[in-house]
Amino acid sequence: MNETTPAPVAAVPAPKKTPAPAGGGAPREEPAAETPLKQRLAELVQRQGVLAVLLAVILVASFVYPTFATLDNARGVTVQASFLSVVALGMTLVIITGGIDLSVGSVFALGGVLAAWASQWGFFTALLVPLVVCGAIGLLNGFLIARAGMAPFIVTLATLLAARGLLLALTDEGATTYLVPKDSAFAELGQGSVLGFGYPLLIALVLFGAGGVLLQRTSFGQSLFAVGGSSDAAGLMGLPVARTKILVYTLSGLLAGLAGALNAARLSSGVTIVGVGMELDAISAVVIGGTLLIGGAGSVSGTLWGVLLLAVIQNLINQIGSLNSSYQSVVSGGFLIVVVVAQRYLARSRRTT
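Not measured: the values here are computed from a predicted model.

Novice: Explain the overall build of the protein to me, please; I cannot follow it from the model alone.
Specialist: Along the backbone of the protein there are 13 helices and two strands. A buried classification covers 46% of the 353 residues belonging to the protein. Across the protein, the fraction of contacts at a sequence separation of at least 24, relative to all contacts at a separation of at least 6, is 75%. Within the structure as shown, the protein displays about 17000 Å² of accessible surface, and the carbon and sulfur contribution to it stands at 67%.

Novice: Help me out: how do you make sense of helix H7 (residues 199-217) in this one?
Specialist: Quick reminder: α-helices carry 3.6 residues per turn. Residues three or four places apart thus point the same way. Taking 1.5 Å per residue, 19 residues should reach 27 Å; H7 reaches 26 Å between its end C-alpha atoms and fits that length. The secondary structure elements touched by the buried residues of H7 are helix H2 (71-96), helix H6 (185-191), strand S2 (197-198), helix H8 (219-229) and helix H12 (300-320).

Novice: Would you mind showing me how to read the packing of helix H11 (residues 278-288) against H12 here?
Specialist: The relative placement of two packed helices is expressed as an angle between their axes plus a distance between the axes. Interhelical geometry of H11 versus H12 gives an angle of 120 degrees and a closest axis separation of 7 Å. The orientation of H11 with respect to H12, classified from their angle, is oblique. Note on packing geometry: the crossing formed by H11 with H12 is right-handed. Across from Asp281, Ser284, Ala285, Val286 and Ile288 in H11, the residues of H12 making contact are Gly302, Thr303, Gly306, Val307, Leu309 and Leu310. Of the residues in the contact of H11 with H12, the class split is six nonpolar, four polar and one charged.

Novice: Before we go on, may I ask you to explain the packing of aromatic side chains in this structure?
Specialist: Following the criterion strictly, the structure yields two aromatic pairs and no others. With a centroid separation of 5.0 Å and 75 degrees between ring planes, the pair formed by Trp117 and Trp121 is classed as edge-to-face. Assessed through its relative accessible area of 53%, Trp121 is described here as exposed. Judged by centre distance (5.3 Å) and plane angle (90 degrees), the rings of Phe123 and Phe124 are edge-to-face. Under the relative-accessibility criterion, Phe123 is labelled partly exposed at 26%. One cation-aromatic arrangement involves Arg75 over Phe197; the distance from NZ or CZ to the ring centre is 5.7 Å.

Novice: Explain a nonpolar patch on the surface here, please?
Specialist: Judged by side-chain polarity, Met150, Phe153, Ile154, Leu157 and Leu161 come together as a nonpolar surface patch covering roughly 480 Å² of accessible area. Considering the arrangement of structural elements, one finds Ile154 in helix H5 (residues 152-170). Owing to a relative accessible area of 48%, Ile154 belongs among the partly exposed residues under this scheme.

Novice: It is not clear to me how unusual backbone geometry should be interpreted in this structure. Could you clarify?
Specialist: Backbone geometry follows two general trends: most residues other than glycine have a negative phi, and most peptide bonds adopt the trans configuration. For Asp183, which is not a glycine, the phi torsion comes out positive at approximately 60 degrees. Tracing the backbone shows Asp183 in the loop between H5 and H6. When its relative accessible area of 81% is taken as the criterion, Asp183 is described as exposed. At Ser268, a position not held by glycine, the phi torsion is positive, near 65 degrees. If you trace the backbone, Ser268 turns up in the loop between helix H10 (241-267) and H11.

Novice: Which parts of the structure should I look at to understand the side chain of Arg164?
Specialist: As for its placement among the helices and strands, Arg164 is situated in helix H5. Polar contacts involving the side chain of Arg164 include one to the side chain of Ser106, which spans 3.5 Å. Here the side chain of Arg164 touches Thr272 through a polar contact of 3.1 Å, landing on its backbone oxygen. If we ignore the near neighbours within four places in the chain, the residues touching Arg164 are Gly105, Ser106, Ala109, Thr272, Val274, Gly275 and Val276.

Rules used in this analysis
Residues numbered from 1 in each chain as written. Predicted model: local features only at pLDDT ≥ 70, side-chain atom pairs only at ≥ 80, totals over all residues. Heavy atoms only, no water. Helix = DSSP H or I, 4+ residues; strand = E, 2+ residues; numbered from the N terminus. Buried < 20%, exposed > 50% of the residue type's maximum accessible area, 1.4 Å probe, protein only. Contact = heavy atoms within 4.5 Å. Areas by Shrake-Rupley, 256 points an atom, 1.4 Å probe, with all protein chains shown as cover. Expected span 1.5 Å × (residues − 1). Axes fitted to C-alpha atoms, helices over the stretch in contact; angles between N-to-C directions. Parallel < 35°, antiparallel > 145°, perpendicular 65-115°, else oblique. Left-handed = near helix turned anticlockwise from the far one by under 90°. Nonpolar A, V, L, I, M, F, W, Y, C, P; charged D, E, K, R; others polar. Phe/Tyr/Trp six-rings, centres within 6.5 Å; stacked < 30°, edge-to-face > 60°. Lys NZ or Arg CZ within 6 Å of the ring centre and 35° of its normal. Patch = residues over 30% accessible without salt bridge, like charges linked within 9 Å, V, L, I, M, F, W, Y side chains within 5 Å. Salt bridge = Lys/Arg side-chain N within 4 Å of Asp/Glu carboxyl O. Polar contact = N/O pair within 3.5 Å; in protein donor to acceptor, adjacent residues only side chain to side chain.

Below you can see the structure in the form of structure tokens.
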């Protein structure tokens, strides 16, 4: 899952041939020009910069706060991050194509309520209902954006409000809370663990592995980068631009609904107030992880490091004790500004080399 970011790379000149020597013989070939060091460094920072920052923060925190570098704390951080990571995975695919999905927070909450409601009929129903409904919302987003030509911001903002409204209608304005049956297989999905690490974390890692393969080893993944680089050029190349966009928005809805279902299984209830602002956290994690907001470049591994960085920051704020959780938004916003400025600088550096 250590894939590289397929960004536009300048063509390497072919080796130059010099005239044959006077005494005869084949002409000699000069070595091809190498990629400038500045460009290679810019690409490396864009791909792995967030990982270096994450490791530095973990190292410093481990020395400052002894309780930070414990196995129990690591388990808590990773389980909390697993739900956002699943949502951010879908957001990564959408942003690589040059789009945006503002509906994932509400879809996440709706998926949790639907899963808790459907859990009374068994494990598979509890998973199937939120996936079908949330996937349909993603499909609607993709159809309106790709076929009707509507702006992603407007479409997903509308479905954000619609999903939240549907959630409130199902719960009588939040007065009804659906509970997951205790000791059920669905509750075990959210609360069970292997070696102390919860099933949601393991599911998230499997999904990220599949996402890395999808992006780097399949024609569909390469289509995402092509569409994000230029939809018009991708269309001229014969790529199914509309179908690609519909699929990524559908995947985003499915993953948000799955994350909501896993969260409901963990909490044993369909909480209605979750997911508020989650779309912004997902976008922050994706951008901090090196995916360009303009599309055409990105990686799922970078998104994973971005999610973990935000989770570690939240945990450090809790470790300090004198700060409340609202400071996470301040720090996350600061990181986001720095990353966006750095991306602009790196892109400019790569264009001038």
